[in-house]
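Okay, here's what each chain looks like letter by letter:
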Amino acid sequence: MNKFNFLPEGWNTEKYKITSNEEIEKCANTEKICQGIVEKCDNNYNLHINIGNNIIGIMPREEVEGINIEQNGLPKQNLCTGKVHKFVQFKIKGLNEQHTPILSRKSVQEEAMEAVKKDLEVGDKINGIVKNITPYGAFIEIGGGVVGLAHIEDLSVARIKIGQKVNIVVKCIDRESGKISLSYKENFGTWEENVENFRAGEKVQGIVRETEKNKNGIFIELSPNLVGMAEYKPGFWYGQRIDVYIKKIDYNKRKVKLFII
């Protein structure tokens, strides 16, 4: 059973929203996880956050991050500045002398990481937001600022983009370090399961996903985890919907040959 109840920052703003001034004290006493938009990062790399009703709270630099920190115990400067105009989750630690709420994202991360090590299980299906894409995979936040990696072989043929909300499957967990491997393509079935919906000789619609630089062919997505190749023709672009004819399905080589109509 999946007991990991965290949502990624920006996934569901209503769940974490502060709706009144009275709720600030209540959130501080109960250590409720809240969420707001970072309006600015000051010269000391503290974050100023709209926590609701145009109330601005301050997140000191040392409370911005609890995982990716320098030897001095502080997050990198660009990690702080990079959060401007983005959602962040936090707990309210209290009020300063000016009655300004003091916030901690670090506390949320520590709670989320504890839940990863204790409650998250291989095979769990959870929510995520794509934070970064590299040649070897995609980094996906799964909640509370905790990020896992979906390796390139675990992504579907359907291209994902930064900021996209995705449903993902937990593939592997290192309980000691908290490192998480994720799979996106498992949500869409195997190649064999997807190809069962198609037959050689039929006309179907696909989405252009890539044209090879050497002009050998055009990759066309037939379903989120099934791609075929057609002979190269100029004038097509990524994301374009086109009609194709299925020439051949090679079950041994797991290839689908197409003809653009």
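See above for the structure.
Residues numbered from 1 in each chain as written. Predicted model: local features only at pLDDT ≥ 70, side-chain atom pairs only at ≥ 80, totals over all residues. Heavy atoms only, no water.

Novice: I keep staring at the pattern of salt bridges and nothing clicks. Help me out?
Specialist: Think of it this way: side chains of opposite charge can pair up when their charged atoms draw near. Under the criterion given, the structure shown has twelve salt bridges. Two residues, Glu111 and Lys91, come together in a salt bridge whose shortest N-O distance is 2.5 Å. Remark: Lys91 occurs in strand β4 (residues 87-95) and Glu111 occurs in helix α3 (residues 105-118); sequence separation between them is 20 residues. In this structure, the salt-bridge partner of Arg175 is Glu121, at a minimum N-O distance of 3.4 Å. Here Glu121 lies in the loop between α3 and β6 (125-134) and Arg175 lies in the loop between β9 (165-173) and β10 (180-183), a separation of 54 residues in the sequence. A network of salt bridges, in which partner residues are shared, links Glu9, Glu65 and Arg105. (Salt bridge = Lys/Arg side-chain N within 4 Å of Asp/Glu carboxyl O. Helix = DSSP H or I, 4+ residues; strand = E, 2+ residues; numbered from the N terminus.)

Novice: Any chance you could explain the pairing of strand β1 (residues 34-41) here in plain terms?
Specialist: As paired elements, β1 and β4 share four bridges and run antiparallel to each other. For Gly36, the partnering residue across the bridge sits in β4 and is Val88. Across four bridges, the pairing between β1 and strand β2 (residues 47-52) is antiparallel. Looking at the pairing, Cys41 lines up with Leu47 of β2. Joining the antiparallel neighbours β1 and β2 is a turn of five residues, in which Tyr45 adopts a positive phi near 65°. (Pairing = 2+ DSSP bridges.)

Novice: Would you take a moment to explain the packing of aromatic side chains for this structure?
Specialist: Centre distance and the angle of the planes are the two values used to describe a pair of aromatic rings. One pass over the full model with this rule turns up four aromatic pairs. Where Phe4 meets Phe6, the ring centres are 5.3 Å apart and the plane angle is 40°; that geometry is what we call tilted. The aromatic ring of Trp11 is capped on one face by Lys165, whose charged end is 5.6 Å from the ring centroid. (Phe/Tyr/Trp six-rings, centres within 6.5 Å; stacked < 30°, edge-to-face > 60°. Lys NZ or Arg CZ within 6 Å of the ring centre and 35° of its normal.)

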